[in-house]
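Residues per chain, in single letters:
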Amino acid sequence: MNDKEYEDFISTVSHELRTPLTSIRGFSETMLTSWDKLDDESKKKFLKIIVEQSNRLINLVENMLSVTKLNNTKDSFIYKEISVKPVLETTIAIIKTQYKDKKFNIETEPNLVPILADKDKFQQIMTNLIENAAKYGDENSTITVNAETAGNNVSIKVSNTGIEIPENEYEKIFTKFSRIDNPLTRKVQGSGLGLYITKNLVEKMGGKISVISKNHKTTFEIKMPAADIELQARTKCKQ
Ligand SMILES: Nc1ncnc2c1ncn2[C@@H]1O[C@H](COP(=O)(O)OP(=O)(O)O)[C@@H](O)[C@H]1O
Ligand SMILES: [Mg+2]
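I will try to describe carefully the structure that is included in this document. (Residues numbered from 1 in each chain as written. Chains lettered and ligands numbered in written order. Predicted model: local features only at pLDDT ≥ 70, side-chain atom pairs only at ≥ 80, totals over all residues. Heavy atoms only, no water.)

Attention now goes to the sheet that holds strand S4 (residues 142–150). The strand order across the open sheet built from five strands is S2-S4-S5-S7-S6, with neighbouring strands paired in mixed fashion. The sheet terminates laterally at strand S2 (103–108) and strand S6 (208–214), the two strands that pair on one side only. If you compare each strand with its neighbour and ignore which way they point, the axes differ by 15° on average. The sheet contact formed by S2 and S4 spans six bridges and is parallel. What sits directly across from Ile-106, in S4, is Val-145. Across the face of the sheet, helix H3 (residues 84–96) comes into contact with S2, S4 and strand S5 (153–161) while running at roughly 180° to S2. Helix H4 (residues 119–136) contacts S2, S4, S5, S6 and strand S7 (217–225) of the sheet and is inclined by roughly 20° relative to S5. (Pairing = 2+ DSSP bridges. Helix = DSSP H or I, 4+ residues; strand = E, 2+ residues; numbered from the N terminus. Axes fitted to C-alpha atoms, helices over the stretch in contact; angles between N-to-C directions. Contact = heavy atoms within 4.5 Å.)

With that settled, the discussion passes to a nonpolar patch on the surface. Taken together, Met-1, Tyr-6 and Ile-10 make up a surface patch of nonpolar side chains, about 330 Å² in accessible area. Checked against the element boundaries, Tyr-6 lands in helix H1 (residues 3–33). (Patch = residues over 30% accessible without salt bridge, like charges linked within 9 Å, V, L, I, M, F, W, Y side chains within 5 Å. Areas by Shrake-Rupley, 256 points an atom, 1.4 Å probe, with all protein chains shown as cover. Salt bridge = Lys/Arg side-chain N within 4 Å of Asp/Glu carboxyl O.)

The local shell around ligand 1 holds 20 residues, among which Asn-132, Tyr-136, Arg-179, Ser-191 and Leu-195 are the closest. Here Asn-132 contributes a side-chain N or O atom positioned 2.8 Å from an oxygen atom of ligand 1. Gly-194 is positioned such that a nitrogen or oxygen atom in its backbone is 3.3 Å from an oxygen atom of ligand 1. Expressed as a share of its isolated accessible area of 530 Å², the protein-covered part of ligand 1 is 97%. Considering every element that reaches the shell around ligand 1, the biggest residue donor is H4, with four residues. (Near = heavy atom within 4 Å. Polar contact = N/O pair within 3.5 Å; in protein donor to acceptor, adjacent residues only side chain to side chain.)

Our next topic: the nonpolar core. Membership of the largest hydrophobic core comes to 47 residues, with the highest contact counts inside it found for Val-84, Phe-122, Met-126, Val-145, Ile-156 and Ile-222. Looking at which element gives the most residues to this core, the answer is H4, with seven residues. If you count residues domain by domain, this core takes at least three from each of domain 1 (3–69) and domain 2 (79–238). When near neighbours in sequence (up to four residues on either side) are disregarded, Phe-122 contacts Ile-82, Val-84, Val-87, Ile-115, Ala-117, Ile-156, Met-205, Ile-222 and Met-224. Core analysis: the second largest hydrophobic core is formed by six residues, Ile-24, Leu-38, Phe-46 and Leu-57 among them. (Core = buried A, V, L, I, M, F, W, Y, C linked by side-chain atoms within 4.5 Å. Buried < 20%, exposed > 50% of the residue type's maximum accessible area, 1.4 Å probe, protein only. Domains from an automatic or database assignment.)

Attention shifts here to the pattern of salt bridges. Using the criterion set out here, one finds six salt bridges in the structure. Between Glu-169 and Lys-172 there is a salt bridge, with its nearest N and O atoms 3.3 Å apart. Residues Lys-199 and Glu-203 are paired through a salt bridge, measuring 3.0 Å at the closest nitrogen-oxygen approach. Remark: Glu-203 and Lys-199 occur in helix H6 (residues 194–204); sequence separation between them is four residues, near one turn of the helix. When its relative accessible area of 28% is taken as the criterion, Lys-199 is described as partly exposed. Note on Glu-203: relative accessible area 41%, which makes it partly exposed.

To continue, consider the environment of Lys-223. Looking at where Lys-223 falls in the secondary structure, it is placed in strand S7. Overall, Lys-223 belongs to the partly exposed group, its relative accessible area being 33%. When the C-alpha positions of Lys-223 and Asn-153 are compared, they lie 5.8 Å apart, and in sequence the two are 70 residues distant.

What follows is the structure in structure tokens.
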């Protein structure tokens, strides 16, 4: 990273940290100073905002930590059999609170096989992809998350309608600090790290990631190894 990139990075990160922190401080201060004047409903509303903004901070910090850990081979992955659907449900429940105009739709096969992955990292991957779909999707649009068996893998697709990613930018968006310059990206905050981290995590766990953006629709697909015995053995050898 050169000096200019470093300065840009620090300024984006500071801004992204400051926004939720300011809101957490503001709402907790109001509750402390005006406790007796606030009705229960307002208190509940304020607490909800504090929780939402804390979640936002946690995701951000997770991503920051991942960047520094990515080149560190000692970073341990704890591989377990994971059912995909509950992870998708938890992830969406958290993201939903921040994107109230969006609808979320999960489509899964009835007997979807579990994947072999590190659960926290898989959740981080799904958070990045689903949050992007919510962040960059059209207003009031529906985000669809589809999971199905695909050979020895489980394919998980996250789709949204909205401004397309030009084909010549497909590779670039997975690199560090890259954001596409369009009116929407300028309007929403981001560090350009999410997809870089996501791709690294997916590939470290033996998966693949790709994107197709056409006809006003963007779909990110990850393919994660299914947790059958042979694949488990192979993954253990790699560690
Ligand atoms: N679902 C999507 N639809 C349209 N553009 C997207 C989508 N997901 C990502 N992008 C583009 O890819 C860029 C990089 O994404 P990401 O690495 O997550 O960084 P960030 O969200 O912090 O900008 C975004 O800035 C945006 O321009
Ligand atoms: Mg992002």
